[in-house]
Amino acid sequence: IEVNKNIVESFLGRIEDHEKSQNTELNIINDPALRVLMVIETSNYLNRLEANQFNIFSQKFHNSVTKTLNKFYGRIVKKDNNSYLVSFESVTDAVLCALKVQFQFKYVTPKFDSNNRKLNIALSSGIPITNKNNIFEETITLATRMCDFVNEQLVITTEVKSLYESENRNALIDDKMVKILKPNEEKFLTQLIDFIEKVWNKPNFNVNEFSKKLGVSKSQLYRKLISLTGKSPNSFLKDYRLNQALKLLHQQSGNISEVAYESGFNSLAYFSECFKNKFGLLPSKYIQQHTF
């Protein structure tokens, strides 16, 4: 399977040419392919107060994160104003780095803006090629979903926990500081988001169909969603639609009415009310302040 050399090096580091290994006995490169991938997400374009305040926070945040990643040998694969995708060879480095980034965050967050500034970190592990199309796609997708939807600031998979304890002679991770996603929770999260990505913008879809499609009872669905996301099925669906609507507005993918209907809302008035309740301002005000 041919993949882009630059992408491979971002995740795995420098890969030696086959010709350079001719003098070795078996002509192989001794580099384990498993990597721990970290997704970091903080306040997006919605949560800035003024441009200069956002820039000061952003500069401090990126300086702090970059310094910490370098200390723990994290390799930045991708980043933007409010997120990072980072690759680690060592599980121990990844976990300690996540804890350090989380600890340092409070020192770069303005006190007057502390309620708006949120930091979410997720760690997942995997190998480059699976049955998905892109390199590390399954691992990246899981880590991103953990970061976006699990109701904790620092989340790791059970596999990451096991690898960490194996590297550290069974030293335990404090589950009061870190949310450890169980295999059944990981499976449920994957099924949930795979399904909702297909139906979220259909106006006639409602949460009664959730339980049927996911193969659980309504009471089980409610308990699982509350435990994992902190939200009821109705709230989860509405928040998902609103977050997608926010992206569409920011990308200027249509006027407010078009975005509302594209996001599964039948009523423009109800959409505006829900948007204001969630984000603190009307869609029209958001467009006025945050799109250019």
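Definitions and cut-offs
- Residues numbered from 1 in each chain as written.
- Predicted model: local features only at pLDDT ≥ 70, side-chain atom pairs only at ≥ 80, totals over all residues.
- Heavy atoms only, no water.
- Helix = DSSP H or I, 4+ residues; strand = E, 2+ residues; numbered from the N terminus.
- Buried < 20%, exposed > 50% of the residue type's maximum accessible area, 1.4 Å probe, protein only.
- Contact = heavy atoms within 4.5 Å.
- Core = buried A, V, L, I, M, F, W, Y, C linked by side-chain atoms within 4.5 Å.
- Axes fitted to C-alpha atoms, helices over the stretch in contact; angles between N-to-C directions.
- Parallel < 35°, antiparallel > 145°, perpendicular 65-115°, else oblique.
- Expected span 1.5 Å × (residues − 1).
- Arc of directions from axis to C-beta.
- Polar contact = N/O pair within 3.5 Å; in protein donor to acceptor, adjacent residues only side chain to side chain.
- Patch = residues over 30% accessible without salt bridge, like charges linked within 9 Å, V, L, I, M, F, W, Y side chains within 5 Å.
- Areas by Shrake-Rupley, 256 points an atom, 1.4 Å probe, with all protein chains shown as cover.
- Salt bridge = Lys/Arg side-chain N within 4 Å of Asp/Glu carboxyl O.
- Lys, Arg positive; Asp, Glu negative; His and termini not counted.
- Charge placed at Lys NZ, Arg CZ, Asp CG, Glu CD.
- Pairing = 2+ DSSP bridges.

Thoughts on the overall build of the protein chain
Here is step 1: On a plain count of helices and strands, the protein chain comes out with twelve helices and six strands.
Here is step 2: Looking at the protein chain as a whole, 43% of its 292 residues qualify as buried.
Here is step 3: Across the protein chain, the fraction of contacts at a sequence separation of at least 24, relative to all contacts at a separation of at least 6, is 65%.

Things to note about unusual backbone geometry
Here is step 1: The phi dihedral of Tyr73 falls on the positive side, at around 60°, and the residue is not glycine.
Here is step 2: Structurally, Tyr73 is set in the loop between α2 (51-71) and β2 (75-79).
Here is step 3: Of note, the phi angle at Phe136 is positive, near 60°, even though the residue is not glycine.
Here is step 4: Mapped onto the elements, Phe136 comes out in the loop between β4 (119-126) and α4 (137-149).

Let's talk about the nonpolar core
Here is step 1: Membership of the largest hydrophobic core comes to 33 residues, with the highest contact counts inside it found for Met146, Leu189, Leu192, Ile196, Phe210 and Leu214.
Here is step 2: Among the secondary structure elements, those contributing two or more residues to this core are β1 (35-42), α4, α6 (183-199), α7 (208-214), α8 (218-229) and α9 (233-250).
Here is step 3: For this core, the leading source of residues is α6, giving seven residues.
Here is step 4: Apart from residues no more than four positions distant in its own chain, Leu192 is found in contact with Phe210, Leu214, Leu225 and Phe236.

Things to note about the packing of α9 against helix α11 (residues 268-279)
Here is step 1: The N-to-C vectors of α9 and α11 enclose an angle of 95°; their axes lie 10 Å apart at closest approach. Between α9 and α11, the angle falls in the class roughly perpendicular. On α11, the residues that touch Lys238, Asp239, Leu242, Asn243, Ala245, Leu246 and Leu249 of α9 are Tyr270, Phe271, Cys274, Phe275, Lys278 and Phe279.

Description of α11
Here is step 1: Counted at 1.5 Å a residue, the expected span for α11 with its twelve residues is 16 Å, and the 16 Å between its end C-alpha atoms agrees.
Here is step 2: Taken together, the buried positions of α11 are Phe271, Ser272, Cys274, Phe275 and Phe279. Down the axis of α11, the buried side of the element spans an arc of 165°, and every buried residue falls inside it. Along α11, exposed side chains directed more than 90 degrees from the buried face belong to Ala269 and Asn277.
Here is step 3: Structurally, the start of α11 carries an N-cap: the backbone nitrogen of Ala269 is 3.3 Å from a side-chain oxygen of Ser267.
Here is step 4: Following α11 by one or two positions, Gly280 adopts a phi angle in the positive range, close to 85°.

Details of a positive patch on the surface
Here is step 1: Judged by side-chain charge, Lys202, Lys212, Lys213 and Lys218 come together as a positively charged surface patch.
Here is step 2: Tracing the sequence through the fold places Lys202 in the loop between α6 and α7.

Comments concerning the sheet that holds strand β5 (residues 154-157)
In sheet architecture, strand pairing relies on hydrogen bonds along the backbone and comes in two forms, parallel and antiparallel.
Here is step 1: The strand order across the open sheet formed by six strands is β2-β3-β1-β4-β5-β6, and the pairing between neighbours is mixed. Of all the strands in the sheet, the pair left with one neighbour each is β2 and β6 (179-181). Strand-to-strand twist of the sheet, defined as the mean angle between neighbouring strand axes without regard to direction, takes the value 20°.
Here is step 2: Where β1 meets β4, eight bridges bridge the pair, whose relative direction is antiparallel. Bridge pairing in β4 links Val36 to Ser125.
Here is step 3: On the sheet, helix α3 (residues 91-108) packs against β1, β3 (83-88), β4 and β5 and is oriented at approximately 175° with respect to β4.

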